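Understanding the architecture of this molecule
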Amino acid sequence: MTATVDHPTRDTISRPKSRAWGVVRLQFTNTQTFVWVPVLVLGGVWLITLVIYWIISSSGSDGPMYSGGSQAPLWYFAVVGAQAMNHTFYFSQAMSLTRREFYLGSLLAAGISAVGISFVFVALGLIEQATDGYGMDGYFAYLPWIWEGGPLAAGTIYFTLTLLGFVLGFWFAIVKNRFGSVIVTVSLIGLALVLLAGAAWLSFNRAWPQLWMWLADAQAIGLAFWALGLSVVCAAGSYLTLRHLTS
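In short, a report on the structure. Quick caveat: nothing in here was measured; it's all calculated off a predicted structure. (Residues numbered from 1 in each chain as written. Predicted model: local features only at pLDDT ≥ 70, side-chain atom pairs only at ≥ 80, totals over all residues. Heavy atoms only, no water.)

**Brief notes about the overall build of the chain**
Counting its secondary structure elements, the chain contains 11 helices and two strands. Helices and strands in the chain line up, N terminus first, as α-α-α-β-α-α-α-α-β-α-α-α-α. Taking the principal axes of its C-alpha atoms as reference, the chain extends roughly 90 × 45 × 30 Å. Looking at the chain residue by residue over its 247 residues, the buried ones come to 36%. Put simply, 78% of the contacts in the chain that link residues at least 6 apart link residues at least 24 apart. When the accessible surface of the chain is summed, it comes to about 14300 Å², and 70% of that surface belongs to carbon and sulfur atoms. On the chain, the mean spot of the 11 positive side-chain charges and the mean spot of the 9 negative ones are 24 Å from each other. (Helix = DSSP H or I, 4+ residues; strand = E, 2+ residues; numbered from the N terminus. Buried < 20%, exposed > 50% of the residue type's maximum accessible area, 1.4 Å probe, protein only. Contact = heavy atoms within 4.5 Å. Areas by Shrake-Rupley, 256 points an atom, 1.4 Å probe, with all protein chains shown as cover. Lys, Arg positive; Asp, Glu negative; His and termini not counted. Charge placed at Lys NZ, Arg CZ, Asp CG, Glu CD.)

Quick look at the structure:
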């Protein structure tokens, strides 16, 4: 008798990749989390901003108007990240998906969503430039500091902030499931104290002007790459935490 050795087939080799895309489809079956609520947040903040601009312009105010409300849809993706973890992880384990496949698929879903929202912001910014701020000199997506490198740089910034928000929310949801709400709360308090200590150090050393000069010299696209690096670090941390999460 001769022993037979099973060689990996093409389907076996591509299995992790295909199953990761299956997680992407799994995540997007929850259209409320990934599509409709972000659309409502973006549309609602955009509409409220335009109404405020109309009221201000009707009162005879001059000069361009810029809104910080455009950040809301981007940072909402922290909530999306938390829901993507809480709503689908244990279901994915019941489907015999590995943690690696779930993790890669969830990040792919986040990347697709980040591309989509950055495309919307770039399109809005181009419209605002073409219409002189909707005829009111009011701007929602077009912020000169962000757009100084052009549409591609602006899209990169919007993409990075969206992805960072998702990864942070995803990681905190993993920590909550792994260690409980108390540890999450303590972690948030600790983070706030670290930021407060940093602000106190800057104040005591009168270093705020140097910080603002560094931020100005770095420009928005430079800070976006710093944020992208932070996203990579947080993504690695979330994966390491996920590996030790019990089903």
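Picking up where we left off.
**Concerning the side chain of Ser231**
Within the fold, Ser231 resides in helix α11 (residues 208-243). When residues no more than four places from it in sequence are discounted, the contact partners of Ser231 are Thr160, Leu163, Leu164 and Val167.

**Re the pattern of salt bridges**
Under the definition given, this model contains one salt bridge. Here Arg19 makes a salt bridge to Glu101, at a shortest N to O gap of 3.1 Å. One end of the pair, Arg19, is in helix α2 (residues 15-29); the other, Glu101, is in helix α6 (residues 99-130), with 82 residues separating them in the sequence. Classification of Arg19 by relative accessible area gives partly exposed; the value is 21%. Here Glu101 falls in the buried class, since its relative accessible area comes to 2%. (Salt bridge = Lys/Arg side-chain N within 4 Å of Asp/Glu carboxyl O.)

**Regarding a nonpolar patch on the surface**
On the surface, Leu47, Val51, Trp54 and Ile55 cluster together into a nonpolar patch covering about 420 Å² of accessible area. Inspection of the secondary structure assignment puts Trp54 in helix α3 (residues 31-58). (Patch = residues over 30% accessible without salt bridge, like charges linked within 9 Å, V, L, I, M, F, W, Y side chains within 5 Å.)

**Notes on the nonpolar core**
Core analysis: the largest hydrophobic core is formed by 43 residues, its most contacted members being Met85, Phe121, Tyr158, Phe166 and Leu242. For this core, the elements supplying multiple residues, two or more each, are α2, α3, α5 (77-94), α6, α8 (144-147), α9 (151-179) and α11. With nine residues, α9 is the single largest residue contributor to this core. (Core = buried A, V, L, I, M, F, W, Y, C linked by side-chain atoms within 4.5 Å.)

**Details of the packing of α3 against α5**
Relative orientation of the contacting elements α3 and α5 amounts to 155°, with a least axis distance of 10 Å. As summarised for this structure, α3 and α5 are arranged roughly antiparallel, according to the angle between their axes. Handedness of the crossing formed by α3 with α5: right-handed. Mapping the contact onto sequence places Thr33, Phe34 and Pro38 in α3 and Phe77, Val80, Gln83, Ala84 and His87 in α5. (Axes fitted to C-alpha atoms, helices over the stretch in contact; angles between N-to-C directions. Parallel < 35°, antiparallel > 145°, perpendicular 65-115°, else oblique. Left-handed = near helix turned anticlockwise from the far one by under 90°.)

**Notes on the packing of aromatic side chains**
Applying the stated criterion across every chain yields a total of 13 aromatic pairs. Measuring from centroid to centroid gives 5.0 Å for Phe28 and Phe34, while their planes differ by 50°, and the two rings are tilted. A ring pair is formed by Phe89 and Phe102, whose centres lie 5.3 Å apart and whose planes are at 65°; its orientation type is edge-to-face. Taken together, the residues span a long stretch of sequence, with Phe89 in helix α5 and Phe102 in helix α6 at a distance of 13 residues. According to the relative accessible area criterion, Phe89 is buried, its value standing at 0%. (Phe/Tyr/Trp six-rings, centres within 6.5 Å; stacked < 30°, edge-to-face > 60°.)

**Some points on α5**
With 18 residues, α5 extends 26 Å between its outermost C-alpha atoms, agreeing within 8% with the 26 Å of an ideal straight helix rising 1.5 Å per residue. Taken as a whole, α5 carries its principal kink of about 40° at Thr88. Note on α5: the residue one or two positions beyond its end, Ser96, has a positive phi of about 65°. (Expected span 1.5 Å × (residues − 1). Bend = angle between axes of the 7 residues up to and from the residue.)

**Overview of the packing of α6 against α9**
Two elements in contact, α6 and α9, have axes separated by 8 Å at closest approach and are oriented at 140°. Crossing angle aside, the handedness with which α6 passes α9 is right-handed. Class assignment of the residues belonging to the contact of α6 with α9 gives a composition of 18 nonpolar, five polar and no charged. (Nonpolar A, V, L, I, M, F, W, Y, C, P; charged D, E, K, R; others polar.)

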